[in-house]
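Okay, here's what each chain looks like letter by letter:
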Amino acid sequence: MSTTTNDEITRAARDLAKALAGRVILPGDGAYDEARALWNGIIDRRPAVIVRARTAEDVREAVRFATSRALPVSVRGGGHNVAGNAVVDGAVVVDLAEMRGVAVDAAARTVRVEGGAQIGDVDEATQKHGLAVPFGVFPETGVAGLTLGGGLGWLRRRFGLTVDSLLEVEAVTAAGEIVVANERQHSDLFWALRGGGGNFGVVTSFTFRAHEIGTDVLFSAVYLPFDAAREALAFYHSYINTTPDALSSFAILGGLPDDPHAPAEVRGKDFALFLSVWSGDPDEGERVIRPLREFAAPLLDDTGVRPFIEVQHVFDPDYPKGGRYYWKSNYIDGLDAKMIDILVEHAGRRPSPVSTIDVWQLGGAVARVPAEATPIPQRSAAYLIGIESNWFDAAADAENIAWARELYRAVVDASPGGLYVNFAGFGEEADELTRRAYGANYARLARVKAAYDPANVFRFNTNIKPAAAAESTTG
Ligand code: FAD
């Protein structure tokens, strides 16, 4: 337990600032409130010190500053995690928001990305060469949190999870050392970082394999009336078994607000939506996607070839910073009549009109990686059910969170196992959740944790407990 007073911390933090390329932000500073704010407006926490790092050496100094005073440490990449673990009351926040550099080696088809970059930063740089890393579907999401938890996006079935394209990381360990981890050096750490979350150190840079996709993809959004939702999900389940890997799609139950950003045909309405991106030959894509477009008379069919960068922005209006968000998820294997009933019934009584239930099509390259190759053991599920509670009124927190939890519990028994840590609510199930997420890989993760972070310095995450000494000497 630290006995350091706030005044001592403030004085020491001002001294620390002199040694940094970046800066220190403290309570009372003008920048403090902006710097502690996260994307999820529910989170309102007051850290002791925010270190806005500029370099790996700054990150190292910040970690040493905190650990030498036994202060809690949180790590902020893009600040997008729903649970808000990036900012913790009384902690030293190692904040990488100003480390957003991206360097593409087009000839080698690799890209080095600093630990605070947003995925849009990387998309902009790689797309100049017709390349892409398979990240998520929202450009302001942090590369760091998304990658360390797995990473699912529009290219998932063609190229796998984001971690499947990760080649190397540079990280600062709990001991305050800068290490480079890849398949040849610190290979156990490298393995653990490919899905084990922020448990093992602060990643200051990632090197990814970038893939050739060109600059255009075929995008399709087919909106159907909500009363066709049952038939639409049953059809979707029979359809997706036949699709090539170049297609990554969703079936979504939800609604759009009654405001100008929503297309007039669906404004203020509930719907079932088939949302797809085809990243291969567009003519073949037209043929593959056609059944989704012809299934029933749509409210709106918005299908066409578009720049990939533009497609990465399609969700921009749906998730404003400072809105209130609580997201959970479950893997499932099938959409039988019982599951469809559960999803449609919950969608029909969601407390917020802009909440959605997202059925992520998995399979393809995601499923071709063995369960033990990365920490993420669940590779074979057919779908991920994303439960997205989105609302704006603080007075409605309880009912919106309750709705998501209720749906989560209603589908959890149908899960073939595993849990996607990037959509894990507030992590309130803690140990149970972590063990479910990592299954048979948990013991190995705990051993790597014991080797790199025996005191559990990095604990504000889906936390893996360091293996006890006897366990950690095995393997
Ligand atoms: P932060 O809140 O900054 O960090 C989250 C946690 O990651 C931290 O608490 C810390 O434990 C760890 N961390 C962050 N940076 C570092 C670092 N440099 N080194 C070590 N640990 C670090 N996920 C998908 O898979 N696909 C999607 O399409 C997708 N879309 C999303 C859209 C929106 C609008 C939002 C809000 C989230 C989305 N997510 C998606 C979920 C997202 O992947 C997670 O919320 C992820 O944690 C966000 O990472 P971040 O760096 O922005 O978050």
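The sections below set out a description of the structure shown in this document. The written sequence of each chain sets the order in which its residues are numbered from 1. In keeping with the predicted nature of the model, local features appear solely for residues at pLDDT of at least 70, side-chain atom pairs appear and are counted solely at 80 or more, and the whole-chain, interface and lining totals rest on all residues. To get the side-chain values, take all heavy atoms of the structure and skip hydrogens and water.

Here we come to the sheet that holds strand S3 (residues 73-76). Two strands pair if DSSP finds at least two bridges between them. Numbering of helices and strands starts at the N terminus; helices are DSSP runs of H or I of at least 4 residues and strands are runs of E of at least 2. If you trace the four strands from one edge of the open sheet to the other, you get S1-S2-S4-S3, paired in mixed fashion. The open sheet has two edge strands, strand S1 (23-25) and S3, and neither has a second partner. Going from strand to strand, the sheet's axes swing by 25° on average, the running direction of each strand aside. Pairing of S1 with strand S2 (residues 49-52), which is carried by three bridges, proceeds in the antiparallel orientation. Orientation is described by axes fitted as lines to C-alpha atoms, over the contacting stretch for helices, and by angles from 0 to 180 degrees between their N-to-C directions.

With that out of the way, let us pick up the pattern of salt bridges. Counted as salt bridges are all cases of a side-chain nitrogen of Lys or Arg within 4 Å of a carboxyl oxygen of Asp or Glu. Enumeration according to the criterion identifies 28 salt bridges in this entry. Where Glu98 meets Arg52, a salt bridge forms, and the shortest distance between an N and an O atom there is 3.5 Å. Here Glu98, found in the loop between strand S4 (92-95) and strand S5 (102-105), pairs with Arg52, found in strand S2; they are 46 residues apart in sequence, far enough to count as distant. Partly exposed describes any residue whose relative accessible area lies between the buried limit of under 20% and the exposed limit of over 50%, with all areas from a 1.4 Å probe on protein chains only and scaled to the type maximum. Judged by its relative accessible area of 7%, Arg52 falls in the buried class. Of the charged contacts in the structure, one is a salt bridge between Lys449 and Asp453, with a shortest N-O distance of 2.8 Å. Given the relative accessible area of 0%, Lys449 is considered buried. The exposure class assigned to Asp453 is buried, which follows from its relative accessible area of 0%. Residues joined by salt bridges that share partners form a network here, namely Arg23, Arg52, Arg54, Asp95 and Glu98.

This part is about the side chain of Arg156. Within the secondary structure, Arg156 sits in helix H6 (residues 156-159). Positive charges come from Lys and Arg alone, negative charges from Asp and Glu alone, with His and the N- and C-terminal ends not counted. No salt bridge forms around the buried Arg156; measuring N to O, its nearest opposite-charge neighbour Asp358 is 9.6 Å away. Contacts between residues were defined by any pair of non-hydrogen atoms, one from each residue, lying within 4.5 Å. Those residues in contact with Arg156, other than ones at most four positions away along the chain, are Ser248, Ser249, Phe250, Trp360, Gln361, Leu362, Ala365 and Val366.

On to the site of the ligand. A single heavy atom is enough: if one lies within 4 Å of a molecule or strand, its residue is considered near that molecule or strand. Residues in close proximity to the ligand total 35 residues, the closest being Gly77, Gly79, Asn81, Leu152 and Tyr420. Gly77 places a polar main-chain atom, nitrogen or oxygen, 2.7 Å from an oxygen atom of the ligand. Any N or O atom pair separated by 3.5 Å or less is treated as a polar contact, with the protein-specific requirement of one donor-capable and one acceptor-capable atom, and with residues adjacent in sequence counted only for side-chain atom pairs. Separating an oxygen atom of the ligand from a backbone N or O atom of Gly78 is a distance of 2.8 Å. Looking at the shell around the ligand, the elements with two or more residues in it are S3, helix H5 (143-148) and strand S10 (202-209).

This part is about the layout of surface pockets. To find leftover empty space, one rolls a probe the size of a water molecule over the atoms. There is about 550 Å³ of room inside the second largest pocket. For each structure, a 1 Å grid was placed over the protein atoms alone; sets of points admitting a 1.4 Å probe that cannot get out are labelled cavities, open sets with protein on both sides within 12 Å along at least five of seven lines are labelled pockets, and lining residues have an atom within 4 Å of a point. Lining the second largest pocket are 30 residues, and of these Tyr223, Leu256, Val314, Phe315 and Asp318 lie nearest its centre. Three classes are used: nonpolar for Ala, Val, Leu, Ile, Met, Phe, Trp, Tyr, Cys and Pro, charged for Asp, Glu, Lys and Arg, and polar for all others, with Gly counted as polar. Along the lines of polarity and charge, the residues of the lining of the second largest pocket split into 18 nonpolar, five polar and seven charged. Grid points are joined across faces, edges and corners, and a volume is the space filled by probe spheres set on the points.

The antiparallel open sheet is built from seven strands, whose spatial order is S15-S12-S14-S13-S17-S18-S16. Strands at the two margins of the open sheet, each flanked by one partner only, are strand S15 (300-307) and strand S16 (324-332). Across this sheet, the average inter-strand angle for adjacent strands is 15°, counted without regard to direction. Taken together, the six bridges between strand S17 (residues 356-361) and strand S18 (residues 383-391) define a ladder with antiparallel strand orientation. Bridge pairing links Ile357 to Ile387 in S18. Along the sheet, helix H8 (residues 229-240) makes contact with strand S12 (216-225), strand S13 (247-255), strand S14 (270-278), S17 and S18, crossing S13 at roughly 170°. Its contacts with the sheet place helix H12 (residues 397-412) against S16, S17 and S18, and it is angled at close to 170° to S18.

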